[in-house]
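Results of the structural survey
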Amino acid sequence: MEQPFGVNRRVSSPVWVGDVQVGGDAPIRVQSMTNTDTADVASTIRQIHELADIGCEIVRIAVPDKAAAAAVPEIVRQTPVPLIADIHFDYRLALSAIEGGIHGLRLNPGNIREADKVRTVVAAAKERGISIRIGVNAGSLPPLRALADGELPPATWERMVDAAHWEIGILEAMDYDNIKISLKAFDVPTMVQAYRVLAGQVTYPFHLGVTEAGTPRAGSVRSAVGIGILLSEGIGDTIRVSLAASPMEEIPVCWDILATLNLRQRGPTIVACPTCGRIEIDLIPLANRVEEYFVKRGAPITVAVMGCVVNGPGEAKQADIGVAGGKGKGVIFRYGEVIRTVGEGQFFEALVEEGERVIAEREGGEASPPRSNDLVIPLMATPAGQRIGRGARLP
């Protein structure tokens, strides 16, 4: 899928998590995290495979104790995708995960506070060629420094950026730059500002996310807004939608965010008009049935299900195929052009027939007809920064 017109993607230095590139010229990657007890190898492997099957490209696993660390070698042996070990507090767990063959680490500078311990982990990661994600979280920042009389405390986003620089400095001092960075917060404006500022100071790849985003409905909206703002400005190399739900619910939201911005597409994008007084067909069941079919089909395709003939083809002109329903019948269109009229009872079958034709043409290497694109997304505004890390590109 083409990049949306007007997006100037931030230049980032590539890193590798196993055989998956993040940053540089790689596509924006989709991540999630298992919610199993990592020590339960069978359950953890099962969930990793389930995530991979629906489009997850990198999976993070919690390594909170020795039992989880001991399970890492067998999980790595069976995983279909690269794995990142999530490490907090005990640096020895990171060393154990590295020894077990983990593909990447996530460290939080707010809770491994002794620089010597971080250096020990970095040395081991460097020896194995393992990338490290500096995972700054607004909820676990280092203690606030003493303030001078009359000095105002820094904003949370400022403390997040400072925390990132603190650990970047430790890693760079060891001549280590195999780094990704995340600056997560529940508050979307705080999270967005932290990423924007650091984007102007370093060029390490960014992992985007709104931490502890909430239940599926609210969490999906919150994540889509925060992640979407940054992606639309060209910021971001890999994303995770963090929901209080099964991790399998996170992956479709990630792909919907990417597809909405024309960045990547996996499976269908369904365009469906809202219900209104003009609708003359049973639209909602049809839209759900169409979505279910093409989700199982798995191929990238945009399908429009429109409830009336007033604005149907025009509003869905970016769709590959679609229907605009009228009283008892409707028009089937392809790439914005009406191709036939069918009865309401034939809507689903006609969409499947046309969709399969489009998919077959693409799989055969035929290009889709050019279509107009009215989407304009602002260019990324790069904020000025006084500190430039080793990963940065000077103007």
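Scroll up to find the structure.
The following refers to the structure shown. Computed from a predicted model, the values in this text were never measured in an experiment. (Residues numbered from 1 in each chain as written. Predicted model: local features only at pLDDT ≥ 70, side-chain atom pairs only at ≥ 80, totals over all residues. Heavy atoms only, no water.)

1. A look at the pattern of salt bridges
- Considering all chains together, one arrives at 23 salt bridges under this definition.
- Note that Glu99 is salt-bridged to Arg128, the shortest N-O span being 3.1 Å. Remark: Arg128 occurs in helix 4 (residues 115-128) and Glu99 occurs in helix 3 (residues 91-99); sequence separation between them is 29 residues.
- Given the relative accessible area of 58%, Glu99 is considered exposed.
- Arg128 sits in the partly exposed class, given a relative accessible area of 41%.
- Here Arg119 makes a salt bridge to Asp116, at a shortest N to O gap of 2.7 Å. (Salt bridge = Lys/Arg side-chain N within 4 Å of Asp/Glu carboxyl O. Helix = DSSP H or I, 4+ residues; strand = E, 2+ residues; numbered from the N terminus. Buried < 20%, exposed > 50% of the residue type's maximum accessible area, 1.4 Å probe, protein only.)

2. Examining the sheet that holds strand 5 (residues 83-87)
- With respect to topology, eight strands assemble into an open sheet ordered 8-7-6-5-4-3-10-9, the strand pairing being parallel. Edge positions in the open sheet fall to strand 8 (179-184) and strand 9 (207-208), since each of these has one partner strand only.
- Direction of pairing for strand 3 (residues 29-33) relative to strand 10 (residues 238-239): parallel, over a ladder of two bridges. In the strand pairing of strand 10, Arg29 is matched with Thr238. (Pairing = 2+ DSSP bridges.)

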